[in-house]
Amino acid sequence: METIRLGAADTERAAAILREGGLLGIPTETVYGLGANGLDGTAVERIFAAKGRPQDNPLILHIPSADWLERYCADIPPAAYRLAEAFWPGPMTMILRRKPIVPDVVTAGLDTVGMRCPSHPVCRAIIQAAGVPVAAPSGNASGRPSPTNMEDMLEDMDGKIEGIVDGGPCSVGVESTIIDLTCVPPRLLRPGGVTLEDLRSVLGEVEVDPAVTRLMGPGEHPKAPGMKYRHYAPKAPVTVVKGDPARTAAYIRRHIQAGEGVVCFDEFAGDYPGHTVERLGPAADKAAQARNVFDALRAFDSTDVPAIWSQCPDEGGIGLAVSNRLNKAAGFHIITLDEA
Ligand code: TXA
Ligand code: MG
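Residues numbered from 1 in each chain as written. Chains lettered and ligands numbered in written order. Predicted model: local features only at pLDDT ≥ 70, side-chain atom pairs only at ≥ 80, totals over all residues. Heavy atoms only, no water.

(A) A look at the overall build of the protein chain. A tally of regular secondary structure across the protein chain gives eleven helices and 17 strands. In terms of C-alpha radius of gyration, the protein chain reaches 20 Å, essentially the compact-globule figure of 20 Å for 340 residues. Seen through its principal axes, the protein chain has C-alpha atoms that stretch 55 × 50 × 35 Å. Counting all 340 residues of the protein chain, 58% fall into the buried class. A separation threshold of at least 6 residues defines the contact pool for the protein chain, and within that pool the share at least 24 residues apart is 66%. On the protein chain, roughly 13,200 Å² of surface is accessible, and the fraction owed to carbon and sulfur atoms is 51%. When the 33 basic and 43 acidic side-chain charges of the protein chain are each reduced to a single mean position, those positions are 3 Å apart. (Helix = DSSP H or I, 4+ residues; strand = E, 2+ residues; numbered from the N terminus. Rg over C-alpha atoms; globule rule 2.2 N^0.38 Å. Buried < 20%, exposed > 50% of the residue type's maximum accessible area, 1.4 Å probe, protein only. Contact = heavy atoms within 4.5 Å. Areas by Shrake-Rupley, 256 points an atom, 1.4 Å probe, with all protein chains shown as cover. Lys, Arg positive; Asp, Glu negative; His and termini not counted. Charge placed at Lys NZ, Arg CZ, Asp CG, Glu CD.)

(B) Fine view of helix 7 (residues 150–157). Burial analysis of helix 7 places six of its eight residues in the buried class, the great majority of the element. Among the structural elements, strand 1 (4–6), strand 2 (24–26), strand 3 (33–37), helix 2 (41–51), strand 9 (163–165) and helix 10 (286–299) are those in contact with the buried residues of helix 7. The N-cap residue of helix 7 is asparagine 149: its side-chain oxygen and the backbone nitrogen of glutamate 151 are 3.2 Å apart. (Polar contact = N/O pair within 3.5 Å; in protein donor to acceptor, adjacent residues only side chain to side chain.)

(C) Local environment of the site of ligand 1. The environment of ligand 1 is made up of 26 residues, and the closest members are Thr30, Asn57, His62, Ser176 and Gly226. Within the side chain of serine 138, one N or O atom sits 2.9 Å away from an oxygen atom of ligand 1. Between serine 176 and ligand 1, the recorded distance is 2.6 Å, taken from a side-chain N or O atom to an oxygen atom. For ligand 1, whose free accessible area comes to 680 Å², the fraction covered by protein is 97%. Applying the majority rule of atoms within 2 Å of the grid points places ligand 1 in the largest pocket. (Near = heavy atom within 4 Å. 1 Å grid on protein atoms, 1.4 Å probe; cavity = no way out; pocket = protein on both sides within 12 Å on 5 of 7 lines; lining within 4 Å. Sits in = over half its atoms within 2 Å of the grid points.)

(D) Spatial organisation of the packing of helix 1 (residues 11–19) against helix 6 (residues 121–130). Direction vectors running N to C along helix 1 and helix 6 enclose 55°, while the axes themselves pass 8 Å from each other. Between helix 1 and helix 6, the angle falls in the class oblique. The interaxial crossing formed by helix 1 with helix 6 has right-handed handedness. Between helix 1 and helix 6, the residues in contact are Thr11, Glu12, Ala14, Ala15, Leu18 and Arg19 and Ala125, Ile126, Ala129 and Ala130, respectively. Here the contact of helix 1 with helix 6 is built from residues that sort into seven nonpolar, one polar and two charged. (Axes fitted to C-alpha atoms, helices over the stretch in contact; angles between N-to-C directions. Parallel < 35°, antiparallel > 145°, perpendicular 65-115°, else oblique. Left-handed = near helix turned anticlockwise from the far one by under 90°. Nonpolar A, V, L, I, M, F, W, Y, C, P; charged D, E, K, R; others polar.)

(E) Structural context of the sheet that holds strand 17 (residues 334–336). In spatial order, the strands read 15-14-16-13-17; together these five strands make up an open sheet with parallel pairing. Where the open sheet ends on each side, the last strands, each with one partner, are strand 15 (277–281) and strand 17. The mean angle between the axes of side-by-side strands here comes to 20°, regardless of whether they run parallel or antiparallel. Relative to strand 15, strand 14 (residues 261–265) runs parallel, the two sharing four bridges. Within the sheet, the bridge partner assigned to cysteine 264 lies in strand 15 and is arginine 279. (Pairing = 2+ DSSP bridges.)

(F) Fine view of helix 1. Restricting attention to buried positions, one finds in helix 1 the residues Ala14, Ala15, Ala16, Ile17 and Leu18. Residues of helix 1 that are buried make contact with strand 1, strand 2, strand 3, helix 6, strand 8 (134–135) and strand 9. Glycine 21 sits one or two positions beyond helix 1 and adopts a positive phi of about 90°.

(G) Broad picture of the pairing of strand 11 (residues 187–190). Taken together, the three bridges between strand 10 (residues 177–180) and strand 11 define a ladder with antiparallel strand orientation. Note on strand 11: the bridge partner recorded for isoleucine 178 is arginine 190. The turn linking strand 10 back onto strand 11 is made up of six residues. With respect to chirality, the unit in which strand 11 leads through helix 8 (residues 196–203) into the neighbouring parallel strand 12 (residues 207–208) is right-handed. (Right-handed = clockwise from strand over helix to strand, strands pointing away.)

(H) Here's a closer look at the layout of surface pockets. Volume-wise, the largest pocket comes out at about 700 Å³. Considering the residues around the largest pocket, the lining is formed by 43 residues, among which Arg53, Asn57, Pro58, Ile178 and Arg190 are closest to the centre. Where the lining of the largest pocket is concerned, the elements lending two or more residues are strand 4 (60–62), helix 5 (104–107), strand 7 (112–116), strand 10 and strand 11. Top contributing element to the lining of the largest pocket by residue count: strand 7, with four residues. Looking at the lining of the largest pocket residue by residue, the class counts come to 19 nonpolar, 16 polar and eight charged. (Points joined across faces, edges and corners; volume = space filled by probe spheres on them.)

(I) Representation of the packing of aromatic side chains. Counted under the stated rule, the structure contains two aromatic pairs. On the basis of an interplanar angle of 55° and a centroid distance of 6.4 Å, the ring pair of tryptophan 68 and tyrosine 72 is categorised as tilted. For tryptophan 68, a relative accessible area of 11% gives the class buried. A relative accessible area of 3% places tyrosine 72 in the buried class. (Phe/Tyr/Trp six-rings, centres within 6.5 Å; stacked < 30°, edge-to-face > 60°.)

(J) Broad picture of the nonpolar core. In terms of nonpolar packing, the biggest core is built from 58 residues, with Leu69, Leu83, Trp88, Met92, Met94, Met115 and Ile179 touching the most fellow members. Aside from chain neighbours lying at most four places away, what touches methionine 115 is Leu61, Ile63, Leu69, Tyr72, Cys73, Trp88, Met92, Thr93, Met94 and Leu96. In terms of nonpolar packing, the next biggest core, distinct from the first, is built from 37 residues, Ala236, Cys264, Ala321 and Ala329 among them. (Core = buried A, V, L, I, M, F, W, Y, C linked by side-chain atoms within 4.5 Å.)

Take a look at the structure:
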């Protein structure tokens, strides 16, 4: 099939693709999504096929405002509205009890559903015009880094979807924060642009799901089914080196072998002559690192580097999300340098 390229102003054509059961590449502030009408089970099934996504991994529904929550969710706690007030529209997904109107294929049979109200103006206009909740996972082929611009998404989806809308590069760059409100205390399932500190400022106590910071053992089940899969992984194995930036840069310089690649803070980009270097952003600018992390990982797939080394920010603020994505890309192969 030919994938039609649409511009930011083609709202009606984009909405028509969704209403007619088609698949649409849709820009959001976090990453590009692979959208379909979330009430049309047949359309949603096509998302799984296009991505090669395991059937037991549920999708989230994108809505234009918190007013729509009651259409799809039951037993909504007051905390949901407090979070919506503070962080919607924006990069946060809430897990809530679902109503029967939500097709089983969306929730992979769970009795809960992820709800998100994105802030990207083009995305919002399309959802409003379609008049339906949009089920959308990240627009990558399953296992690959999420796409943060239209070209990256086309790399994985050209010819497999009816259309894609160019909304420019994503301003956050990592997927939404997922907070589960069906348990007490609420639990962070995936870190993102709304930080753990932000969530605690509204909710008080918040638990962090163990899958955020470490590899799940055999028999352990993260609460977000998607967190159990190998993810964001470039073809070459990744080693993350954590600690003070100058020391991790020096460590990588000492250990890197000929031909291997590096993901590093901008300050150290000149330190690896002869190696493929991808910049993460300035060491002190974690928001820039979030915008760059997936593109940096993706870039290595068009090279033949046999291994990749990566620096990594500390876990404060959006650093928790950047570090989580790098750790997952590395299969939690992490070297932590002691403080000198
Ligand atoms: O920023 C985002 O959230 C992007 C954009 C497109 O909105 N979407 C996204 O979707 O990242 P996806 O499908 O790639 O990741 C959704 C994650 C998966 O790990 C999935 O297992 C989890 O959310 N999830 C979805 N519904 C859930 C539920 N009811 N309970 C627990 N986890 C859920
Ligand atoms: Mg994804």
